[in-house]
Amino acid sequence: MTEIAQSAAEAVAGIEDGSTVLIGGFGNAGQPMELIDALLEGGATGLTVVNNNAGQGDVGLARLIREGRVAKIICSFPRQSDSWHFDEAYRAGRIELELVPQGNLAERLRAAGAGIGGFFTPTSYGTALAEGKETRMIDGRGHVLETPIHADAALIKAFAADAWGNLVYRKTARNFGPVMATAARRTIAQVDEISREPLDPEVIVTPGIYTDVLVRIPSESGRLAARERAGRPSSTPAEGDRR
């Protein structure tokens, strides 16, 4: 049975200094904000973080970077208009960056979960991103050897779970969650709902075998999803749902 934590702080309590942590999210979509805040409050530092971006604005991953808790980030899009905390830390030499093309990032995580030792891809061949890596000609085309990304912990956000840790996601908030859940020694998922009944196996995205810890943290998106299932139009939220 998957452990069900009573709070976000309890869920992330085992993450230590120097850990490699996968954090789900495509920008802020699907980013487990409450788990990140709990990680920050827990005091872990010297972290290697894997995420699609390098934080946005002043919340979530951006706040973790601002507070100096991240020693290295592995990501695809480190710079955008509101990634000022990463930009400042990188220019000051306080954070290391490993830039990975987005498809390679997903496949390196998938390879870790599948137990694959590495894979050859034409992506980045002949560029600075291939420097120091093994290359090979396959069918007349240059390829680069990429290695799996394993992690100590994965922090992901799903929509609903059952007591066995099976997960379903809400729309684009799924993004990197499923592959990250397979690539970490300990996967921690925050969800809007935990069902006492097993989820329909036909809709499960992440099997419970990959989920170690669940914590229920209701969100606005979760309330919208519940309203949609009840047949209420999401364009006219109830007063309590408005920001």
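Higher on the page you've got the structure.
Now for a look at the structure at hand. (Residues numbered from 1 in each chain as written. Predicted model: local features only at pLDDT ≥ 70, side-chain atom pairs only at ≥ 80, totals over all residues. Heavy atoms only, no water.)

**Regarding the overall build of the protein chain**
Short version of the rule: Per the convention used, a helix needs a DSSP run of H or I reaching at least four residues, while a strand needs a run of E reaching at least two, with both numbered from the N terminus. Radius of gyration here is computed from C-alpha atoms only, and the compact-globule reference equals 2.2 Å multiplied by the residue count raised to the power 0.38. Three labels apply to residues, based on accessible area from a 1.4 Å probe with only protein chains included: buried if under 20% of the type maximum, exposed if over 50%, partly exposed otherwise in between. Here, two residues are considered to be in contact whenever any of their heavy atoms come within 4.5 Å of each other. Under the convention used here, a 1.4 Å probe and the Shrake-Rupley method define accessible areas, while residue burial counts only the protein chains that appear. When charges are counted, Lys and Arg are positive and Asp and Glu negative, with His and the chain ends excluded. Charge coordinates come from a single atom per side chain, which is NZ of Lys, CZ of Arg, CG of Asp or CD of Glu.
Per the secondary structure count, the protein chain includes 7 helices and 14 strands. Relative to its length of 243 residues, the protein chain is compact, with a C-alpha radius of gyration of 19 Å against a globular reference of 18 Å. In terms of overall dimensions, the protein chain has C-alpha extents of about 55 × 40 × 35 Å along its principal axes. The buried share of the protein chain, taken over its 243 residues, is 47%. Long-range pairs, those at least 24 residues apart, make up 70% of the contacts in the protein chain between residues at least 6 apart in sequence. Accessible surface, the protein chain as shown: approximately 11,900 Å² in total, 49% of it carbon and sulfur. Computing the positive centroid from 26 side-chain charges and the negative centroid from 31, the protein chain places the two 4 Å apart.

**So, helix 2 (residues 33–42)**
Among the residues of helix 2, those classed as buried are Met33, Leu35, Ile36, Ala38, Leu39 and Leu40. Downstream of helix 2 by one or two residues, Gly43 has phi in the positive range, about 90°.

**Re the pairing of strand 5 (residues 96–99)**
Rule in force here: Here, strands pair whenever DSSP counts at least two bridges between them. Seen with the strands pointing away from the viewer, any crossover whose path from the first strand over the helix to the second strand runs clockwise is right-handed.
One ladder, built from 4 bridges, connects strand 4 (residues 70–75) with strand 5; its direction is parallel. By the bridge assignment for strand 5, Cys75 is matched with Leu99. Crossover strand 4 to strand 5 through helix 4 (residues 84–91) is right-handed.

**Thoughts on the packing of aromatic side chains**
Cut-off, in case you're wondering: For Phe, Tyr and Trp, where Trp contributes only its six-membered ring, two rings pair if their centres lie within 6.5 Å, and the inter-plane angle classes them as stacked under 30 degrees, edge-to-face over 60, or tilted in between.
Using the criterion set out here, one finds 1 aromatic pair in the structure. Look at Phe86 and Tyr90: their rings are 5.5 Å apart centre to centre, the planes differ by 20°, and that puts the pair in the stacked class. Of this pair, Phe86 and Tyr90 both sit in helix 4, 4 residues apart, roughly one helical turn. Taking relative accessible area as the criterion, Phe86 reaches 2% and is therefore assigned buried. A relative accessible area of 43% means that Tyr90 is categorised as partly exposed.

**Observations concerning the side chain of Thr206**
Formally: As used in this structure description, the phrase polar contact means that two N or O atoms lie within 3.5 Å; if the pair is within protein, one of them must be able to donate a hydrogen and the other to accept it, and residues adjacent in sequence are counted only when both atoms belong to side chains.
When you line up the elements, Thr206 lands in the loop between strand 13 (193–195) and strand 14 (213–216). Side chain to side chain, Thr206 and Tyr169 meet in a polar contact 2.7 Å long. Excluding anything up to four places from it in sequence, Thr206 contacts Gly165, Asn166, Leu167, Tyr169, Pro178, Ala181 and Thr211.

**A few points about the environment of Ile138**
Note on placement: Ile138 falls in strand 7 (residues 135–138). For Ile138, a relative accessible area of 30% gives the class partly exposed. As a C-alpha pair, Ile138 and Pro122 span 16 residues in sequence and 9.1 Å in three-dimensional space. Not counting residues up to four positions away in its chain, the partners in contact with Ile138 are Phe120 and His143.

**Observations regarding the pattern of salt bridges**
How we decide: By salt bridge we mean one thing: a side-chain nitrogen of Lys or Arg within 4 Å of a carboxyl oxygen of Asp or Glu.
This model, assessed by the stated rule, comprises 12 salt bridges. In this structure, the salt-bridge partner of Arg79 is Asp87, at a minimum N-O distance of 3.2 Å. What emerges from the salt-bridge pattern is a single network uniting Lys72, Glu96, Glu98 and Arg108.

**Examining the sheet that holds strand 6 (residues 119–121)**
Hydrogen bonds along the backbone pair up the strands of a sheet, which may run parallel or antiparallel. Heads up, the rule is: Only the stretch in contact is used when fitting a helix axis, every axis being a line fitted to C-alpha atoms; angles between N-to-C directions are given from 0 to 180 degrees.
Read from one edge to the other, the open sheet built from 3 strands follows the order 6-8-7, with strand pairing classed as antiparallel. On the outer flanks of this sheet lie strand 6 and strand 7, each paired with one strand and no other. When the angles between neighbouring strand axes are averaged without regard to direction, this sheet yields 40°. Sheet topology places strand 7 next to strand 8 (residues 141–146); 4 bridges connect them, and they run antiparallel. Residue pairing across strands places Thr135 opposite Val144, the latter belonging to strand 8. Strands strand 6 and strand 8 of the sheet are contacted by helix 5 (residues 102–114), whose axis makes an angle of about 165° with strand 6.

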